[in-house]
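# Architecture and fold: a report
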Amino acid sequence: MATFLWMWFSVLGTLHILDEKFELKMKLITLTTAACVSQIGYVFYKYKIRHTAQTRSWFNWSNDKSSLSNSKVLMLKRKSVLAQEYSIEMYQYATCPFCNKVRVYLDYYGIPYRSIEVRPVPKPEMKWLKDKKKKVPTLKITNLRSASETMVLQESSQIVSLIHSFLNDNTNSETFRALAEHFENITSNSDDKAAKYTIKNYGLDDQDGFKRRELEWRRWADDTLVHVVAPNIYRSLPEALHSFSVITRKGNYGHDATWAPLYSFMATWIGASLMRFVIAPRLKKKNGLKEDVRACLYESVNMWMEEIGPTNKFHGGVEPDLADLAVFGVLRSMEDMSAFLDMLEYTRVGKWYGRMSRLCAKNSQEKRQLTSQPSVEAEEDTKAEQQLESEGGRSNKKGTSHHSTRSG
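Summary of the structure given here. (Residues numbered from 1 in each chain as written. Predicted model: local features only at pLDDT ≥ 70, side-chain atom pairs only at ≥ 80, totals over all residues. Heavy atoms only, no water.)

## Here's the deal with the overall build of the protein chain
Secondary structure summary: the protein chain contains 15 helices and 4 strands in total. Counting every position in the protein chain, which comprises 408 residues, the buried fraction comes to 48%. Relative to all contacts within the protein chain whose residues are 6 or more apart in sequence, the contacts with residues 24 or more apart total 72%. Of the roughly 21000 Å² that the protein chain leaves accessible, carbon and sulfur atoms contribute 57%. (Helix = DSSP H or I, 4+ residues; strand = E, 2+ residues; numbered from the N terminus. Buried < 20%, exposed > 50% of the residue type's maximum accessible area, 1.4 Å probe, protein only. Contact = heavy atoms within 4.5 Å. Areas by Shrake-Rupley, 256 points an atom, 1.4 Å probe, with all protein chains shown as cover.)

Put into structure tokens, the structure is as follows:
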């Protein structure tokens, strides 16, 4: 705006000192041309600023390479502190969207943790939990210097925000206990639905500058995308049975016990019938989904790809941000299911999903090499890579008007 006003008054001053015989028509043409050029320049300038701000991660806020390098060095130092002073145990279901969100975050940042697959009934792995509900994900963080100091976290987005605040602490003084108290305080007000998505150590300038796009799309993953998953994987009885066969294969259904086959068989048929005829219809009605739930999945995924844009590799630009990790975690919960294969075939998500999968697998592998800890998730990541490669030729197809007849 300042540039526009400056050019405006410059033109007026020039016209004032021109020869009095200068025709009025030429004066008007000159004035109009100058105003249009300055306004176009102003609009272009604002567009560049807005576009650049919306495609950056808060973590990568600065274009200065030294700033980026310093940020990564800080995070490496904080990860070292985390690994030396804390142990993390994650109680999960392998196919739970919220558990996958936390796993993706830990894997992407190479944070050491021990994964415990919980048996759905009666959850014997969580019998130690006395004063909280036995639900997943549950993160148990123990201070290695004081074994009596143990924190239990159970909200996926808040877990991610808390750990990310820890990693971004440039004072090197934050503790998990202090951060847990901080998030307990700011989330106690039920009216503030965005509190659990805030990162304490980002700074207000960074959050305002990024226009809170990362936060908004993390909320979208929880409030919109995750509610499209269940109605799609339980769309029909054959598809529900196939989905539950994947769930029982990946989950803890007593694989080593003599009664495991019967347990898995009953869980598959009872669970699939309950989800198909009771739970899925209720979720579809509650969340206002279309009758064709597959179309809702395609629309949601393509909306996410439009937010990323055609020129960006990730929502965070050249590197994933927390929104990338959240959306990827939700979608990864459907891997090996019919809905997942249809999504790769009939949306534009394939290339982005492949990039995210490779990054998480690479960082998780580096973490295992450093800690010498074997991981069951490594096998699943390898299978996912192979599946994505086989689907690569089909993953660029577009459109929500194509509907698969695959029924599982």
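That shown, we press on.
## With respect to the nonpolar core
Grouped together as the largest cluster of nonpolar side chains are 87 residues, with contacts concentrated most on Tyr105, Ile163, Leu331 and Trp352. By residue number, the principal contributor to this core is helix α8 (residues 213–233), which donates 9 residues. Every residue in contact with Tyr105, bar those within four places of it in the chain, is listed here: Ile111, Val160, Ile163, His164, Leu167, Leu322 and Leu325. (Core = buried A, V, L, I, M, F, W, Y, C linked by side-chain atoms within 4.5 Å.)

## Description of the pattern of salt bridges
Within the structure shown, the criterion is met by 17 salt bridges. Here Glu174 ties to Lys200 by a salt bridge, and the two come within 2.8 Å at their closest N and O atoms. Residue Glu174 is found in the loop between α5 (156–167) and α6 (176–186), and its partner Lys200 is found in the loop between α6 and α7 (204–209); the two are separated by 26 residues along the sequence. Residues Glu216 and Arg213 are paired through a salt bridge, measuring 3.2 Å at the closest nitrogen-oxygen approach. On the criterion of helical spacing, the pair formed by Glu216 and Arg213 is a turn pair, its members being 3 residues apart in helix α8. Overall, Arg213 belongs to the buried group, its relative accessible area being 19%. (Salt bridge = Lys/Arg side-chain N within 4 Å of Asp/Glu carboxyl O.)

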